[in-house]
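# Per-entry structural report
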Amino acid sequence: MKFSVFTASTPDWTPSQAADTLAAQGWDGIEWRVVDDIPEPGTVVPAERSFWAGNRSTWQYTGITEQVPEIARITEQAGLAYSGIGGYRQASDRDGVETMLRVTSELGARQVRVSMPVYRHEKERTGETYPQVFDRTRADLEWAVSRASELGVKALVELHHMTITPSASAALRLIDGLDPEHVGVIHDLGNLVIEGHEDHLAAFELLGPYLAHVHVKNARWVDTGDTRADGSSVWQHEWAPLRSGQASVADYFADLRAFGYDGWVTIEDFSTDLPLEARTADNLAFLRSLVSVPA
């Protein structure tokens, strides 16, 4: 297996700092976050920067085609490979998906995430039922796969809570029959703690050639101490360090090995128990303790 870091989880570093630090720690690759992420005027960005707003390791989507040479320079200068590109363009945004597929091809990054619709948002926005959103997204993906094929890259569908593909079963239903050379699934351990968990080995076997990429983070459910009107407890999820979340990362890797997966494993740790540089270094040491990887 090869290990990389998704820069959504490195908000304090500039792209150069992220690439140089991760390379020095011994990571194999990097997965760049690409989305328009500029704080609103007047917004005070905290000293501990937000992962999802004001993230300094993010490449802005606006003008991304002009940034390709700089992304390539920083990545190659650090000696890192691309595990993929962390894109955020919705499947329905065909112009945006086309742009990200082209950027991925130009970088030689091979694969890029295409975001799936959040069901409840779509229900509120359009009034569509789940089957209607599903059918519309299937048509969008068929188009995306045709473009990915022409460009020699792969579109990735992430297993993500609240979207129409929270589980391996849902994702397979969406992409089944499409060319696995140009569409695949990101299996995400932490997201599945929140929604969509299925036995991991069974999920890998179900996905088969569509298992294209793996994201690893961890999460846990906590009792908020609040109660509803009916007296029942209110629980919420929060991100956790790899060792202390509800999912067993060791068992997850055992299932990956049993399935024969030997591709990219990308860390996106959104816990804050350790400072960022210590966190990425510790995560790599932990991953290497779970698999036989040359130092």
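This report concerns the structure included in the present document.

Thresholds applied
Residues numbered from 1 in each chain as written. Predicted model: local features only at pLDDT ≥ 70, side-chain atom pairs only at ≥ 80, totals over all residues. Heavy atoms only, no water. 1 Å grid on protein atoms, 1.4 Å probe; cavity = no way out; pocket = protein on both sides within 12 Å on 5 of 7 lines; lining within 4 Å. Points joined across faces, edges and corners; volume = space filled by probe spheres on them. Helix = DSSP H or I, 4+ residues; strand = E, 2+ residues; numbered from the N terminus. Nonpolar A, V, L, I, M, F, W, Y, C, P; charged D, E, K, R; others polar. Axes fitted to C-alpha atoms, helices over the stretch in contact; angles between N-to-C directions. Left-handed = near helix turned anticlockwise from the far one by under 90°. Contact = heavy atoms within 4.5 Å. Salt bridge = Lys/Arg side-chain N within 4 Å of Asp/Glu carboxyl O. Core = buried A, V, L, I, M, F, W, Y, C linked by side-chain atoms within 4.5 Å. Buried < 20%, exposed > 50% of the residue type's maximum accessible area, 1.4 Å probe, protein only. Pairing = 2+ DSSP bridges. Phe/Tyr/Trp six-rings, centres within 6.5 Å; stacked < 30°, edge-to-face > 60°. Lys NZ or Arg CZ within 6 Å of the ring centre and 35° of its normal.

## Looking at the layout of surface pockets
For the largest pocket, the calculated volume is near 580 Å³. Secondary structure elements with two or more residues in the lining of the largest pocket: α4 (119-126), α5 (130-151) and β9 (233-240). Residues of the lining of the largest pocket, tallied by class, amount to eleven nonpolar, ten polar and eight charged.

## Comments concerning the packing of helix α8 (residues 200-207) against helix α9 (residues 249-259)
The interhelical angle for the contact between α8 and α9, taken along N-to-C directions, is 35°, at an axis separation of 9 Å. Two packed elements cross with a definite hand, and for α8 against α9 that hand is right-handed. Side by side, α8 and α9 meet where His 200, Leu 201, Phe 204 and Glu 205 of the first sit next to Tyr 252, Asp 255, Leu 256, Ala 258 and Phe 259 of the second. Each residue belonging to the contact of α8 with α9 can be placed in one class, and the counts come to six nonpolar, one polar and two charged.

## Quick word on the pattern of salt bridges
Within this structure, the stated rule accounts for 16 salt bridges. Between Arg 102 and Glu 98 there is a salt bridge whose closest N-O contact spans 2.7 Å. Taken together, the residues span about one helical turn, with Arg 102 and Glu 98 both in helix α3 (residues 94-107) at a distance of four residues. One salt bridge connects Glu 150 with Arg 147, and the closest N-O pair in it is separated by 2.1 Å. On the criterion of helical spacing, the pair formed by Glu 150 and Arg 147 is a turn pair, its members being three residues apart in helix α5. Connected through shared salt-bridge partners, Glu 98, Arg 102, Arg 147 and Glu 150 make up one network.

## Some remarks on the nonpolar core
If you look at the biggest cluster of nonpolar residues, it comprises 79 residues, and the most contacted ones within it are Phe 3, Leu 107, Ile 175, Val 216 and Phe 253. Tallying contributions element by element places α5 first for this core, with seven residues. The contact partners of Val 216, leaving out residues within four places of it in the chain, are Leu 189, Leu 242, Val 249, Tyr 252, Phe 253, Val 265, Thr 266, Ile 267 and Glu 268.

## Looking at the pairing of strand β1 (residues 2-6)
Within β1, four of the five residues are buried, which leaves the element mostly enclosed by the surrounding structure. The sheet contact formed by β1 and strand β10 (residues 264-267) spans four bridges and is parallel. Note on β10: the bridge partner recorded for Lys 2 is Trp 264. Taken together, the three bridges between β1 and strand β2 (residues 29-34) define a ladder with parallel strand orientation. Counterpart to Phe 6 in the pairing with β2 is Glu 31.

## A closer look at the packing of aromatic side chains
All chains considered together, the criterion is met by eleven aromatic pairs. Plain terms: the ring middles of Phe 51 and Trp 52 are 5.4 Å apart, the flat faces sit at 65° to each other, and that makes the pair edge-to-face. An aromatic cluster is built from Phe 3, Phe 204, Tyr 252, Phe 253 and Phe 259, whose rings are joined through pairwise contacts. In this structure, Arg 89 packs its charged tip against the face of Tyr 61, placed 3.9 Å from the ring centre. We note Arg 243 situated over the ring of Phe 286; from NZ or CZ to the ring centre the distance is 4.5 Å.

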